[in-house]
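Remarks on the overall topology
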Amino acid sequence: MIYQVVDWAVTYIECLVMLASIILISGKKLEGSKYTVILCLAALGNAFLVAFLNSIRAFSFATPMISIVYLLSVSFFLSKGTLILRAASCITVSFIVLAIGYIWIIFVCLLHGGDFEKAFLVFMTPGPRRCLYLALDKTSDVVLYLIFRKHLYRLSTLKKRWLVSLLIGSVFAYGVTQYLMNAILSHDVHMMRQASIVSFLVLLLFFLIFSLLLLTVASRDQERAQRLVLQQTDRLMEKNYQMLYQDLQENAKRIHDFHHHLRVILNFAEQTEDQQTQNYVQDLLQISYRDVRLCNSGNDIIDAVINCSAAEAARSQIDFHYEVNLSSTLSQISPIDLCAVLGNQVENALDACKKIPDVQDRFIQVSICQNKSFVVIQVTNSAHQNPFTADGRLVTNKEEPEFHGLGLKSIQDTVDKYNGYLTNSYEDHQFQSEALLCFSTI
């Protein structure tokens, strides 16, 4: 009796793991303790169904298929995935569990002496050896579930055609696996030869399908991660420029106020006829204040980028000029998007100019012009060398191109978002980047 209880227990564990995996793949409809209770009850129902079918027949190859139908039906109430997704997950999970069971049975049969038919009957008969086999089998199921449970949701991101391919491949592999086991147990040489050929083709097909699935998922994850990096970079760039712009305005105000303080000190020195103090203050006035011409276009991001870039250009001995003609504040364009384009364009221009040995040859010209529902952002700068490859691709010359090249992609992605265009050209040691953004004026 104790061996029968062990059989029921491991059957329940198997049903629980399978149902939990299917729901994670298809997306949970419920959360919390309610989900846990219903999941356990549904798995218990599946375990009773399997136990009942097995009691009718010592080992029924139809039992797993009936169990799959049950799991598919239950998943409708516990998950929110489409029928194709739920069906593909049911067959795939069932195939993996079945394959693990067969792998272990073959392994223990080999250890038992290699007589598969005799060993199979031994390990299918309730007893200590079957308990050992079940422990190895179900422990493998649980371990695999715990390892991959956080990644199962990725299958739900696959397109419909991939889900259909996965469903067909899993059904085919499941059927062939059953066929192979029959061939092993039959000892029919002709049948085993056919099974070997079929097994090779199935393994090859299944490998190709899963390779394509993994490549698709990996590519999508990489694009998603890159998109998040670009968004975060643009957001930080916007915040950085705004902070620098505020500091620049505050410093200009302090310099202006300091200029007036010096005037007062000079006046006091003149009243006391302190010629030495007068001369010293007049010298300070000549070098301590200069009228900083700040960009005041009406758009905070444009002003921040232009003014901060002009200050950096002055520190790097780069001749910086700009012209901004706007008929509105460009409120229809997200500040992050505007910063992604202009900020990256000017940053690339500054980096290119800093590489030019002769400071006399360094220059940057920024032109921003709005015409009704579109704005053109053009940045021209001197360049030490041609940034284009022989096949016309624009590449970065920075030390970490795999990271810094994201700036170019950020500009292109933003331009595409606003149905515009981006053109880059190089001629006579001058590089020009022109971006057009279209927006609604309503």
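Here the structure is shown first, and the text comes after it.
Residues numbered from 1 in each chain as written. Predicted model: local features only at pLDDT ≥ 70, side-chain atom pairs only at ≥ 80, totals over all residues. Heavy atoms only, no water.

Let us now look at the packing of aromatic side chains. Under the defined criterion, the tally for this structure stands at 2 aromatic pairs. Relative to Phe77, the ring of Phe76 has its centre 5.2 Å away and its plane inclined at 85°; by these criteria the two rings are edge-to-face. Of the residues examined, Phe76 reaches a relative accessible area of 47% and is grouped as partly exposed. Note on Phe388 and Phe431: the rings are 6.2 Å apart at their centroids and 40° apart in plane angle, and the pair reads as tilted. Highlighted residues: Phe388 in the loop between strand E3 (374-382) and helix H12 (401-404) and Phe431 in strand E5 (residues 430-438), separated in sequence by 43 residues. By relative accessible area, Phe388 is classed as partly exposed at 23%. In this structure Phe431 comes out as buried when scored by relative accessible area, which is 13%. Between the NZ or CZ atom of Lys28 and the centre of the ring of Tyr35, over which it lies, the distance is 4.7 Å. Between Lys29 and the ring centre of Phe76, over which it is positioned, the NZ or CZ distance is 5.5 Å. (Phe/Tyr/Trp six-rings, centres within 6.5 Å; stacked < 30°, edge-to-face > 60°. Buried < 20%, exposed > 50% of the residue type's maximum accessible area, 1.4 Å probe, protein only. Helix = DSSP H or I, 4+ residues; strand = E, 2+ residues; numbered from the N terminus. Lys NZ or Arg CZ within 6 Å of the ring centre and 35° of its normal.)

Before going further, it helps to examine the pairing of strand E1 (residues 319-325). Side-chain alternation along E1 places Phe320, Tyr322 and Val324 on a buried face and Asp319, His321, Glu323 and Asn325 on a face that remains uncovered. Here E1 pairs with strand E2 (residues 363-371) via 7 bridges, running parallel. Looking at the pairing, Phe320 lines up with Ile364 of E2. A crossover connection joins E1 to the parallel E2 through helix H11 (residues 335-354); in handedness this β-α-β unit is left-handed. (Pairing = 2+ DSSP bridges. Right-handed = clockwise from strand over helix to strand, strands pointing away.)

Turning to the environment of Lys354, a few remarks are in order. When you line up the elements, Lys354 lands in helix H11. Once the C-alpha coordinates of Lys354 and His384 are considered, the two residues, 30 residues apart in sequence, prove to be 9.2 Å apart. When sequence neighbours within four positions are dropped, the list of residues in contact with Lys354 reads Glu312, Ser316, Ile318 and Arg362. A polar side-chain atom of Lys354 sits 2.6 Å from a polar atom in the side chain of Glu312. (Contact = heavy atoms within 4.5 Å. Polar contact = N/O pair within 3.5 Å; in protein donor to acceptor, adjacent residues only side chain to side chain.)

With that settled, the discussion passes to the side chain of Thr380. Position of Thr380 relative to the elements: it lies in strand E3. Under the relative-accessibility criterion, Thr380 is labelled buried at 11%. The contacts of Thr380, once residues within four sequence positions are left out, are Phe363, Ile364, Gln365, Gln430, Phe431 and Gln432.

Our next topic: the nonpolar core. In terms of nonpolar packing, the biggest core is built from 42 residues, with Leu19, Ile23, Leu39, Leu71, Leu78, Val93 and Ile105 touching the most fellow members. Every element with two or more residues in this core is listed here: helix H1 (2-26), helix H2 (32-56), helix H3 (62-78), helix H4 (83-112), helix H6 (128-148) and helix H7 (160-186). It is H4 that provides the largest number of residues to this core, a total of 14 residues. Dropping the residues within four chain positions of it, Ile23 is found in contact with Lys28, Tyr35, Leu39, Leu78 and Ser79. (Core = buried A, V, L, I, M, F, W, Y, C linked by side-chain atoms within 4.5 Å.)

Where H1 meets H3, the closest approach of the two axes is 10 Å, and the angle between their N-to-C directions is 50°. When the interaxial angle is binned, H1 and H3 end up oblique. For the pair H1 and H3, the crossing hand works out as right-handed. The residues of H3 that touch H1, namely those facing Met18, Leu19, Ile22 and Ile23, are Leu71, Val74, Ser75 and Leu78. Of the residues in the contact of H1 with H3, the class split is 7 nonpolar, 1 polar and no charged. (Axes fitted to C-alpha atoms, helices over the stretch in contact; angles between N-to-C directions. Parallel < 35°, antiparallel > 145°, perpendicular 65-115°, else oblique. Left-handed = near helix turned anticlockwise from the far one by under 90°. Nonpolar A, V, L, I, M, F, W, Y, C, P; charged D, E, K, R; others polar.)

Turning next to the pairing of E5. The pairing of E3 with E5 spans 9 bridges and is classified as antiparallel. Across the sheet, residue Val375 finds its bridge partner in E5, namely Leu437. Where strand E4 (residues 421-427) and E5 come together, 7 bridges link them in antiparallel fashion. Bridge assignment links Glu427 to a residue of E5, and that residue is Gln430.

A few words on H1. Because an α-helix packs 3.6 residues into every turn, residues spaced three or four apart end up facing the same way. With 25 residues, H1 ought to run about 36 Å at 1.5 Å a step, and its terminal C-alpha atoms sit 36 Å apart, in line with that. Gly27 sits one or two residues past H1 and shows a positive phi near 100°. (Expected span 1.5 Å × (residues − 1).)

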